[in-house]
Structures are given as C-alpha cells and as structure tokens.
Amino acid sequence: MGVAVCLLLYSFAVVVIVPALLVRLTRSGAEPWLAIAAWLTAIVSVLASWLAAAGFLVIAVARYWDQPGRLASACFAAVRQVAVGASGPLLQATLFALTAAATGAVAILGWRLSRSLRRARALSHRHAADARIIGHRVAGLDAVVVDAPERVAYSVAGRPDTIVVTSAAFDALDERHLDAVLAHERAHLTGRHHLMLALTRGLAATLPRVGLFTTGAREIARLTEMAADDAAARRHGPHTVLGALLALSAQAPIPSYAAAATGTDVLARAQRLAAPAVAGWRTRLMLGALTVLVVLAPLVIGVHAAIGFAPCNPIGANGQAIAAGKPGACDGAPMVPQRCP
C-alpha cells in the first residue's frame, strides 16, 4: 500500500511539474531527438507508475483481505484505532472499493488507448491502400502522386508505408525541393514517428485534462517535424528544405494519422532552418538529468519495495515483532507498524 501511494505521489509530481520544464527546455528544438526522448520518458513513466500502483494495491489488499485492521494499522498508523475492531467490515468494503476503482481506471485507460491505437492503425493502412489505388506512380519517384489542387506531401504507415504527394505539390516543386520533401517523409517513416503520434494523441484524447498528455502530444508532433527537417537538411542542406517547406501549402488539410511536411508549426520550423539553433551544454545537461531522474525515481521505489518492504509485521511494546497469524498480532497491546507492503 505504501509503495502504491509513493508511486501515485511521484506520478502526480511529474504530471504537475514536468510539462512546464520540458516546454522551456525544448522550445528551440535544437536537439529534437533528445527532447522527444524526454517527453516520451515522462509519459511512459507516469503510465507505468499508475499500472504498478494498481498492482501493488491489489496485492496488498489480497494479502490482507481478511485482516483489514492489520493492513490499516501497518500502513496508516494515524487511523489505526478507527480501522480495527468494529470498523473491520466497513474498512474491508472501503479497501475493496478503492482497489476496484484503481484497477478499473487502469483497465478503462488501457482499453480506450488500445482502441484508439487500433483505429489509427486501421485508418492509416486504409488511407495508404486507397492512395496507391487512386494515385499514380512517376518514374524515379518514391511516392504516389494524387490529383489534388492543394500543395501537400505526407506519409502514412501501411503495408507498405506510403508517401503521398499531390499533383499541385509535384508541379510546384523543382527536383531539389522534391527530393528534400521525400527525404523529410522518409525520415518520418524510418523514425516510426507515426507510432509516437498515435500513442500521444490517443492518450491526449483519452485523458484530455492531463496536461502532460495534451501538451506532450502537441510538443512531440512539433519535435518529430523538426527531427525530420534535420534528417532532410543533412542530406540536401537546410536552405533547400526551407525552400521546399515554403513552397508547400500550410493550410491544406492533413489526415490526423499522417505525418506531413507542413503539418505543424511551419513558421517556427522555417525560422529554425534559416538560423539553426544550437543547444547549450546546460540545456543538454538539464534535459539529460531530468530524463534520468524521471526514469530512476519509480525504479528506486520499486527496488525499495522488492528488497525492503517485507509483509507488515507489527512491533509490540517490547520492541519485538509479533509473528503473523499469532493471537494479538494486530490488536490488543500498543504496536508500531514496521513496514508496508
């Protein structure tokens, strides 16, 4: 029970404190992959903490289901006198309700998230198949050209993955700029950006009031575009990528499950390509330290639980632990809780 509380407090701290820190540290997009790793680490850490907390809660209640007073006296010494004796059935029902609510919330979150991911995957694969049917191939072009008046290029995950370029974009871009756009879209596909976007957008849609998920989805979408810009710029040069970006239409509608060259924060990306930002050592150090801290904190709690949190053995007034199952183990003489499960 104590471990579950620690994990929940940790996740609450991450949800409240970390988003504002990460927005400040990753605003420039100087190190997009390091920034993406920091955001994903925070998000996954909170999800894992919720899941582990629910598991510890279930284990604790199952272990002491027939001794609610013992569990309460060990983990909540302040309410020991209320929890034991005649309050046993009431406390037992309360613990059951708390456990059911925690496990139910985790189960509902998992079901909604998996449904969102399955839906995004199905739509993406269907769109890729439709684009290959209605579009046409151009010799030497690693993309499907679809007739449309908007200047748009985007990639969708499928079998196989597909890059879509509208006829208007194909006509507007010269060979250098078109190659840069295709390099940008290939970076999305090889980096599996679609999986990141599907996960974070699914979480934001499932829990829209949790700022870590909503802000994280928006920031990761922006950072993946910058990472793809960098991949294209390394091959074709930042000014070529900038020219291609400006030549495309930023107002054209893009499928939510697609990664597009003009999908997010075009102005900031254009400014970044024109004058590339360089992350200082302090920013890198703080991002790395924050990521390590977010990873280590729940691990420390888990390891502490594994090696230091034995079953609750109350300690009697004489300082010696009372054996589990022995008469008077959880009632009678004054006791001090030793450890919490």
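Residues numbered from 1 in each chain as written. Predicted model: local features only at pLDDT ≥ 70, side-chain atom pairs only at ≥ 80, totals over all residues. Heavy atoms only, no water.

(A) Here's a closer look at the packing of aromatic side chains. Enumeration over the complete set of coordinates arrives at one aromatic pair. Centroid distance Trp-50 to Phe-213: 6.0 Å. Interplanar angle 80 degrees. Geometry classified as edge-to-face. Within this pair, whereas Trp-50 is found in helix α2 (residues 32-63), its partner Phe-213 is found in helix α9 (residues 211-236), the two being separated by 163 residues in sequence. Phe-213 sits in the buried class, given a relative accessible area of 1%. (Phe/Tyr/Trp six-rings, centres within 6.5 Å; stacked < 30°, edge-to-face > 60°. Helix = DSSP H or I, 4+ residues; strand = E, 2+ residues; numbered from the N terminus. Buried < 20%, exposed > 50% of the residue type's maximum accessible area, 1.4 Å probe, protein only.)

(B) How the structure looks around the nonpolar core. In this structure, Val-14, Val-18, Leu-22, Ala-42, Leu-212 and Phe-213 are the most contacted members of the largest nonpolar core, which totals 35 residues. Mapped by element, the contributors of at least two residues to this core are α1 (2-26), α2, α5 (88-134), α8 (193-206), α9 and α12 (281-308). Residues Ala-143, Ala-153, Ile-163 and Ala-244 belong to the second largest nonpolar core, which totals 14 residues. (Core = buried A, V, L, I, M, F, W, Y, C linked by side-chain atoms within 4.5 Å.)

(C) Inspection of helix α10 (residues 238-247) at higher detail. Every buried residue of α10 is accounted for by Thr-240, Val-241, Leu-242, Ala-244 and Leu-245. Buried residues in α10 make contact with α7 (175-190), α9 and α11 (266-274). (Contact = heavy atoms within 4.5 Å.)

(D) Inspection of unusual backbone geometry at higher detail. In the segment running from Arg-159 into Pro-160, the intervening peptide bond is cis, with an omega of 0 degrees. Take Pro-160: it is sitting in the loop between β3 (153-156) and β4 (162-166). Of note in this structure, Arg-192 is not a glycine but carries a positive phi near 55 degrees. Take Arg-192: it is sitting in the loop between α7 and α8. Take Arg-192: its relative accessible area is 37%, and that puts it in the partly exposed class.

(E) Focus on α7. Taking 1.5 Å of rise per residue, the 16 residues of α7 would be expected to cover 22 Å, and the 22 Å separating its terminal C-alpha atoms lies within 8% of that figure. Those residues of α7 that fall on the buried side of the exposure criterion are His-177, Leu-178, Ala-180, Val-181, Leu-182, Ala-183, His-184, Glu-185, Ala-187, His-188 and Leu-189. With a side-chain oxygen lying 3.2 Å from the backbone nitrogen of Arg-176, the N-terminal cap of α7 falls on Asp-174. Once α7 ends, the next one or two residues include Arg-192, with phi positive near 55 degrees. (Expected span 1.5 Å × (residues − 1). Polar contact = N/O pair within 3.5 Å; in protein donor to acceptor, adjacent residues only side chain to side chain.)

Keep in mind these numbers describe shape, not what the thing actually does.
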